[in-house]
Amino acid sequence: MKRAFPIFAMLTAVLLSYALYEALEVAPTEQTMGNVQRIFYYHVPSAWTAFLLFFINFVCSVQYLVRPNQVADKVANWVTIAIGIAACIAAFVIRPLPANIEPSSVATTGLAMTGLYFLIKKYFSPENTDALAVVSAEVGVVFCTVVLVTGPLWARPVWGIWWTWDVRLTSTLVLWLIYISYLMLRRFSTSSQTPVLAAALAIFGALDVPLVYFSIWIFRTQHPQPVIGGGGSIDSRMLQVLLINWVAFLCFAGLICWSRYRLEILQREVEETQALEALLEPRSSR
Amino acid sequence: MNFLYAAYTATWIIHIAYLSILVQRYRHLQREIEDLKKKPGLGA
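Below: a short report on this structure.

Parameters at a glance
Residues numbered from 1 in each chain as written. Chains lettered and ligands numbered in written order. Predicted model: local features only at pLDDT ≥ 70, side-chain atom pairs only at ≥ 80, totals over all residues. Heavy atoms only, no water. Helix = DSSP H or I, 4+ residues; strand = E, 2+ residues; numbered from the N terminus. Buried < 20%, exposed > 50% of the residue type's maximum accessible area, 1.4 Å probe, protein only. Contact = heavy atoms within 4.5 Å. Lys, Arg positive; Asp, Glu negative; His and termini not counted. Charge placed at Lys NZ, Arg CZ, Asp CG, Glu CD. Buried area = accessible area lost by both parts, 1.4 Å probe. Salt bridge = Lys/Arg side-chain N within 4 Å of Asp/Glu carboxyl O. Phe/Tyr/Trp six-rings, centres within 6.5 Å; stacked < 30°, edge-to-face > 60°. Lys NZ or Arg CZ within 6 Å of the ring centre and 35° of its normal.

A few words on the overall build of chain A. Helix and strand counts for chain A stand at nine helices and zero strands. Sequence-ordered secondary structure for chain A, helices as α and strands as β, is α-α-α-α-α-α-α-α-α. Burial analysis of chain A (286 residues in total) assigns 43% to the buried set. In chain A, the share of contacts with a sequence separation of at least 24, taken over all contacts with a separation of at least 6, comes to 78%. Taking the 19 positively charged and 17 negatively charged side chains of chain A as two groups, their mean positions are separated by 4 Å.

This is how it looks when you write it as structure tokens:
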């Protein structure tokens, strides 16, 4: 694994450079907005990556709470399987879906959620799911910060304003604040119940993610309508550049999470050793 | 074009700032590990 890290880091650096070149040079210039539209190639992939990381945080928080209890764990497994099946049924059997939502997007999202739940369960112990929850929330906040910074930089030349209290923008800001409070709780609370409280907060916080994502379908907002999976249209070359940038940002997020996870595990080991040392100290001083 | 470059630069400033925080945390942890290794009974 130690050898794989520098190789993965180099591949990610190459991919990010290529994605930047594609975004600045290869993607066609949008007719009405001009070059400022290219902010889209950083803004949208950062938002999708943040949502994915917050979803991982949600899954880890659920698992941290339910896995110590066998009955709760079994119930959670069946609920997850039911979500995957329900998404497929909703996509291909129940019609019509809400306006502009593609059936394949619903089915893919449902199955991906179920798959991710069982992948995390297979590869992470309950204690390590807590570590992964912290890591995914922290990296998710970084990507969400990018979204909140690049959005106004696009809005100023296009809308003529930096910010408006529109549902999409406000719910994204609320999402960012929820995860900031989650990280502050993890950082400053010294109670042994902190991981449980943080997991509960993360579960409530994650409820804001679908609200942010679907707000542009449900409400009349100033934010542009979805261009993928929502019935909108996008030039095929622009779509290709967008997806290349998303893959590059996903690899980058994976790389940061990998380093941060190693750091978190090491930090916990050091804290355990320091606690052990504190217990042994009175004996050794006799 | 200025807004485009500002957005791309801001993105990388945020990521680099976070990475440098991680490097600082890692160095701090390394120092703590070194301190623990120096203490009798725990270092081995």
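And the narrative resumes.
Between chain A and chain B, the residue contacts involve 35 residues of the former and 22 residues of the latter. Counting the surface lost from both chain A and chain B, the interface buries some 2700 Å², and carbon and sulfur atoms represent 81% of this. By the criterion of area lost to chain B, the three top residues of chain A are Tyr 42, Leu 263 and Glu 277 of chain A, representing 20% of everything that side buries. For the interface between chain A and chain B, the tally reads one salt bridge.

All names here are of chain A. Tallying each qualifying case throughout the model produces 18 aromatic pairs over all chains. Seen from their ring centres, Trp 163 and Trp 165 are 5.5 Å apart, and the 75° between their planes marks the pair as edge-to-face. In this arrangement the basic side chain of Lys 122 is found over the ring face of Tyr 123, its NZ or CZ atom lying 5.5 Å from the centre. Of note, Arg 262 hangs over the ring of Phe 5, and the distance from its end group to the ring centre comes to 5.2 Å.

Residue and element names in this part refer to chain A. With respect to the helices and strands, the residue Ile 161 is situated in the loop between helix 5 (126-159) and helix 6 (167-188). By relative accessible area, which is 33% here, Ile 161 ends up partly exposed. C-alpha separation for the pair Ile 161 and Glu 22, spaced 139 residues apart in sequence, amounts to 28 Å. Among residues more than four places away in sequence, those in contact with Ile 161 are Ala 155, Arg 156 and Gln 222.

One pass over the structure, following the stated rule, counts eight salt bridges over all chains. Where Glu 264 of chain A meets Arg 268 of chain A, a salt bridge forms, and the shortest distance between an N and an O atom there is 2.9 Å. Here the residue Glu 264 of chain A and the residue Arg 268 of chain A both occupy positions in helix 9 (residues 236-285), the gap between them amounting to four residues, near one helical turn. Residue Glu 264 of chain A is classed as buried on the basis of its relative accessible area, which comes to 9%. Assessed through its relative accessible area of 23%, Arg 268 of chain A is described here as partly exposed. Each of Asp 130, Glu 138, Arg 186, Arg 260, Glu 264 and Arg 268 of chain A together with Arg 25 of chain B takes part in one network of salt bridges that share partners.

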